[in-house]
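Architecture and fold: a report
Chain residues, written in single-letter form:
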Amino acid sequence: MYAIQDAKIRRLTEVDGLSCAEVEVQPGNTGDPSLLVYVAATQPGNSLEVVRIVRNHSDAVLDWYNNNMHTAFEDATETAFENSEGITAGEDKARFQSELLAFGLLGPTLQRYLVGQG
């Protein structure tokens, strides 16, 4: 399970035609990469859902300019939860999504930005 130390909204953007919020997630476990998690409001009911996960393997010293055009950024949407022990990948994703949206005021803020746009 990926432990969340910190999560903050970086920007609003679009992914595959969906209005999303890009959330930067810092790991709580040493050795885990930071993540860029894209969250969208889905129909029906405008519930929030993680639609893309990108692992950030960049080094803050070397990649200080935050260049996402190189291999330090890896799309992990399909593979992020496949090595979970004792639970299915779907259960692990649901747990991560629940913990992310419960982090501080992140869930209500995303709800306001993404559902309030409509």
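A few points on the structure. (Residues numbered from 1 in each chain as written. Predicted model: local features only at pLDDT ≥ 70, side-chain atom pairs only at ≥ 80, totals over all residues. Heavy atoms only, no water.)

**Notes on the overall build of the protein**
So the rule is basically this: A helix here means a DSSP run of H or I that spans at least four residues, while a strand means a run of E at least two residues long, and both kinds are numbered starting from the N terminus. For every residue, the accessible area (1.4 Å probe, protein chains only) is compared with the maximum for its type, and the residue is labelled buried under 20%, exposed over 50%, or partly exposed between those bounds. Residues count as neighbours in contact if any of their non-hydrogen atoms are within 4.5 Å of one another. Only the protein chains shown count as covering a residue, and every accessible area follows the Shrake-Rupley method with a 1.4 Å probe.
Along its length, the protein carries 2 helices and 5 strands. The order of α-helices and β-strands along the protein, N terminus first, is β-β-β-β-β-α-α. Here the protein, with 118 residues, has 36% of them falling under the buried criterion. Here the analysis covers contacts within the protein between residues at least 6 apart in sequence; of these, 41% occur between residues at least 24 apart. Summed over all atoms, the accessible surface of the protein reaches about 7100 Å², with 48% contributed by carbon and sulfur.

**Considering helix H2 (residues 106-115)**
The condition that has to hold: Note that the arc is computed from the directions linking the helix axis to the C-beta atoms.
If you check which residues of H2 are buried, you get Leu-106, Gly-107, Thr-109, Leu-110 and Leu-114. All buried residues of H2 project into a common sector of 160° when viewed along the axis, lining one side. Of the surrounding secondary structure, the elements contacted by the buried residues of H2 are strand E1 (4-15), strand E2 (18-27), strand E3 (34-42), strand E4 (47-56) and helix H1 (89-101).

Nothing here speaks to function; it is geometry throughout.
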